[in-house]
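Residues per chain, in single letters:
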Amino acid sequence: MHDEQPSDRGSWVVLGGVHLLNRTAPRRPDEPIVLVRVPPQEICRPATTVIVRWNALGPCPAEALHPGGTRLGAARIDGGELFPDAIAGPALRGLVGTEDAPGLVPLCYLAEHPGGGYHAYAQIRFHPEDACFVRTTREPVGHGPVEELRWFDPVLTAHAESSTALNNHLRYFRKHFSGTELEIKYTLDPAPDIWSASMELLKALRDGKLEGCRPEYREEFQIHHTENHLFDVTGPEPEIGYASFIPTVTAGHVLKRKWYTEDAFARREELTPGLDITPDRFETLLREDLNLQVRAMPPFQRVRYDIQCESLRTGHVYGIFLDRCALLAAPDVVLSQCELEYLRSRSILDHDQDEILIEMNRIDSWLCEYLASHGWAAEHTFYSKRSFLRDAIALRPDLATP
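The structure displayed is predicted, hence computed values, not measured ones.

A.B. asks: Looking at this structure, how should I read the overall build of the protein chain?
C.D. replies: Check the secondary structure of the protein chain and you find eight helices and 18 strands. With the C-alpha coordinates of the protein chain rotated into their principal frame, the extents come out at 80 × 45 × 35 Å. Each of the 402 residues in the protein chain was classed as buried or not, and the buried ones make up 52%. Counted over contacts in the protein chain with a minimum sequence separation of 6, partners at least 24 positions apart contribute 66%. Surface summary for the protein chain: the accessible area is close to 18300 Å², and the carbon and sulfur share equals 51%. Taken as two groups, the 42 positive and 59 negative side-chain charges of the protein chain have centres that lie 1 Å from each other.

Structure, rendered in structure tokens:
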């Protein structure tokens, strides 16, 4: 099934008082609603996420109405002049009046459905440069001319029903496959400079080279630079995998556990943050407190650049990581990888978990072709840090930790 491409059907950014989102005050019968007609902003249909960049809109017809549909006024406003500094600009103030203007925000993005009615996307992030909206309607609502506002009550009801998710500070609504890491790895050989490779890959996503996906809204890139103390967990049988201690920026360590007998796509994973422990106690904690049979691996430095890739069609977010690990005792022993991992989902509409696997397979195919075209990797592998350290010790027994 192909995504439907945006057409010239009606699309609007709907403006109103912020209390209609956070419910800090009751609705008033005389408060203004503003319909700003905009070019379609979905990069595909159906879509879960829509990003509106004000400066890209151009001149937009705007109409102010009372909730009963009474027309207050109209104007043509350039998109970049709607919300300078995230505050209603002069033209909007002229439409709604000085009393209502300070609380005016984007409420939702509204897209006309070909069979009638409208799909609504609730505003979850709002800035002077842009805003991010996620779909709250599974089926179209409010058939009839948009100015009659028949869609308005169903849209506010849908927002209220999911307000805890839509209004929270993170705006990350759920994580499927809880406790399980879904990850595909590529060994980069010959290894590129991962900084320049990351910037090039990020630009490709910004330019829409991966259909239906863009860098995650305002969370597109992260840098990780840590030391890592990894222990090979050799038993008892149900516990086989590894345990890794990673220092935090503030204090203490995070303990990362993974369970598996072989490197694989799906692995059980668990993080224990906030451990107030020094490196000389790592092995004791594992052996005596957790009753694990372990072998210490050579500590390594890890530099990782994370590109967060968001599917605007489904709302699922995937990480594409470029990763370089070098042994502290032998900096010339290096593993360079690219990893594709499912991270989280930003959708209040339920999705089939299998959809994530299908989408990961599609992204994997694109990424594999991208890496191969640059001569960095021809196919994916499940080669893990544990396997890399085991192989390093086999070739250099002097690197083994006493």
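A.B. asks: Sorry, what's going on with the pattern of salt bridges here?
C.D. replies: Note on pairing: side chains with opposite charge can pair once their charged atoms come close. As enumerated under the stated definition, the model contains 29 salt bridges in all. When the shortest N-O distance is used, the salt bridge between Arg267 and Glu181 registers 2.9 Å. Separated by 86 residues along the polypeptide, Arg267 in strand 14 (residues 266-275) and Glu181 in strand 9 (residues 180-187) bring together distant segments of the chain. The class for Arg267 is buried, based on a relative accessible area of 3%. Each of Glu181, Glu183, Lys185, Lys258, Arg267, Arg302, Asp323, Glu339 and Lys385 takes part in salt bridges that share partners, so that together they form one network.

A.B. asks: What is the right way to look at the side chain of Glu341 in this model?
C.D. replies: Locating Glu341 in the fold gives a position in strand 18 (residues 334-345). We note that Glu341 is buried and unpaired, the nearest opposite charge coming from Arg304 at a distance of 5.4 Å.

A.B. asks: Explanation requested: the packing of aromatic side chains in the structure shown.
C.D. replies: We describe a pair of aromatic rings using the distance from one ring centre to the other and the angle between the two ring planes. Overall, the coordinates contain 17 aromatic pairs when judged by the stated rule. Look at Trp195 and Tyr305: their rings are 5.2 Å apart centre to centre, the planes differ by 80°, and that puts the pair in the edge-to-face class. Separated by 110 residues along the polypeptide, Trp195 in helix 5 (residues 194-206) and Tyr305 in strand 16 (residues 300-311) bring together distant segments of the chain. Residues Phe221 and Tyr305 carry aromatic rings whose centres are separated by 6.0 Å and whose planes lie at 25° to one another, so their mutual orientation is stacked. With Phe221 in strand 11 (residues 221-235) and Tyr305 in strand 16, this pair connects stretches of sequence that are 84 residues apart. Following the ring pairs from residue to residue traces out a cluster consisting of Trp54, Phe83 and Phe126. A cation over an aromatic ring shows up here: Arg267 above the ring of Tyr260, its NZ or CZ 4.7 Å from the ring centre. Of note, Arg268 hangs over the ring of Trp259, and the distance from its end group to the ring centre comes to 3.7 Å.

A.B. asks: Would you explain the side chain of Gln308 in this entry?
C.D. replies: Relative to the assigned elements, Gln308 resides in strand 16. Contact partners of Gln308, with chain neighbours within four places excluded, come to Arg214, Pro215, Glu216, Glu219, Glu220, Phe221, Gln222, Tyr318, Gly319, Phe321, Leu343 and Arg344.

A.B. asks: Explain the pairing of strand 13 (residues 253-259) to me, please; I cannot follow it from the model alone.
C.D. replies: Moving residue by residue along a regular strand, the side chains alternate between the two faces of the sheet. For strand 13, the tally of buried residues reaches seven of seven residues, placing the bulk of the element in the interior. Burial of the side chains of strand 13 extends over both faces: His253, Leu255, Arg257 and Trp259 are buried on one face and Val254, Lys256 and Lys258 on the other. Taken together, the six bridges between strand 13 and strand 14 define a ladder with antiparallel strand orientation. Within strand 14, the position partnered with Lys256 by the bridge is Leu271. Counted between consecutive antiparallel strands, the loop separating strand 13 from strand 14 contains six residues.

A.B. asks: Looking at this structure, how should I read the sheet that holds strand 6 (residues 104-112)?
C.D. replies: The pairing of strands in a sheet comes from backbone hydrogen bonds and takes either a parallel or an antiparallel form. With antiparallel pairing, the eight strands of this open sheet are ordered in space as 3-8-7-6-1-2-4-5. Looking at strand neighbours, the two that pair on one side only are strand 3 (49-53) and strand 5 (71-78), the edges of this open sheet. In this sheet, neighbouring strand axes are inclined to one another by 25° on average, regardless of whether the strands run parallel or antiparallel. In this structure, strand 3 lies alongside strand 8 (residues 130-135), joined through five bridges in antiparallel fashion.

A.B. asks: Just checking my understanding: could you explain helix 5 for this structure?
C.D. replies: A turn of α-helix holds 3.6 residues, and therefore any two residues three or four places apart point the same way. Taking 1.5 Å of rise per residue, 13 residues should cover 18 Å, and helix 5 covers 18 Å from first to last C-alpha, within 8% of that figure. Burial in helix 5 covers these residues: Ile194, Ala197, Ser198, Leu201, Leu202, Ala204 and Leu205. Along the axis of helix 5, the buried residues cluster in a sector spanning 155°; they form a single face. Buried residues belonging to helix 5 abut strand 10 (213-215), strand 11, strand 16, strand 17 (316-327) and helix 7 (353-373).

A.B. asks: What is the right way to read the nonpolar core from this model?
C.D. replies: Looking at soluble globular proteins, one finds that nonpolar side chains tend to be buried together. Within the largest apolar cluster, 48 residues are counted, with the highest numbers of intra-cluster contacts made by Val34, Trp54, Leu92, Tyr109 and Trp151. Per element, the largest residue contribution to this core is seven residues, and it comes from strand 6. Among the nonpolar cores identified, the runner-up in size contains 33 residues, and Phe177, Tyr186, Leu205 and Leu367 belong to it.

A.B. asks: Sorry, what's going on with helix 3 (residues 152-161) here?
C.D. replies: For helix 3, the full list of buried residues reads Phe152, Val155, Leu156, Ala158 and His159. The buried residues of helix 3 occupy an angular sector of 160° when the element is viewed end-on, so they sit on one face. Next to the buried residues of helix 3 lie helix 1 (19-22), strand 2 (33-37), strand 6, strand 7 (118-126) and helix 4 (163-167).

A.B. asks: Looking at this structure, I do not really get the pairing of strand 18. What am I missing?
C.D. replies: Most of strand 18 is tucked away, with 11 of its 12 residues classed as buried. Where strand 9 and strand 18 come together, five bridges link them in antiparallel fashion. By the bridge assignment, Thr187 is partnered in strand 18 with Gln337. With 11 bridges joining them, strand 17 and strand 18 adopt antiparallel strand pairing. Following the sheet pairing, Val317 is matched in strand 18 by Arg344. The turn joining strand 17 and strand 18, which pair antiparallel and follow one another in sequence, is formed by six residues.

What counts and how
- Residues numbered from 1 in each chain as written.
- Predicted model: local features only at pLDDT ≥ 70, side-chain atom pairs only at ≥ 80, totals over all residues.
- Heavy atoms only, no water.
- Helix = DSSP H or I, 4+ residues; strand = E, 2+ residues; numbered from the N terminus.
- Buried < 20%, exposed > 50% of the residue type's maximum accessible area, 1.4 Å probe, protein only.
- Contact = heavy atoms within 4.5 Å.
- Areas by Shrake-Rupley, 256 points an atom, 1.4 Å probe, with all protein chains shown as cover.
- Lys, Arg positive; Asp, Glu negative; His and termini not counted.
- Charge placed at Lys NZ, Arg CZ, Asp CG, Glu CD.
- Salt bridge = Lys/Arg side-chain N within 4 Å of Asp/Glu carboxyl O.
- Phe/Tyr/Trp six-rings, centres within 6.5 Å; stacked < 30°, edge-to-face > 60°.
- Lys NZ or Arg CZ within 6 Å of the ring centre and 35° of its normal.
- Pairing = 2+ DSSP bridges.
- Axes fitted to C-alpha atoms, helices over the stretch in contact; angles between N-to-C directions.
- Expected span 1.5 Å × (residues − 1).
- Arc of directions from axis to C-beta.
- Core = buried A, V, L, I, M, F, W, Y, C linked by side-chain atoms within 4.5 Å.

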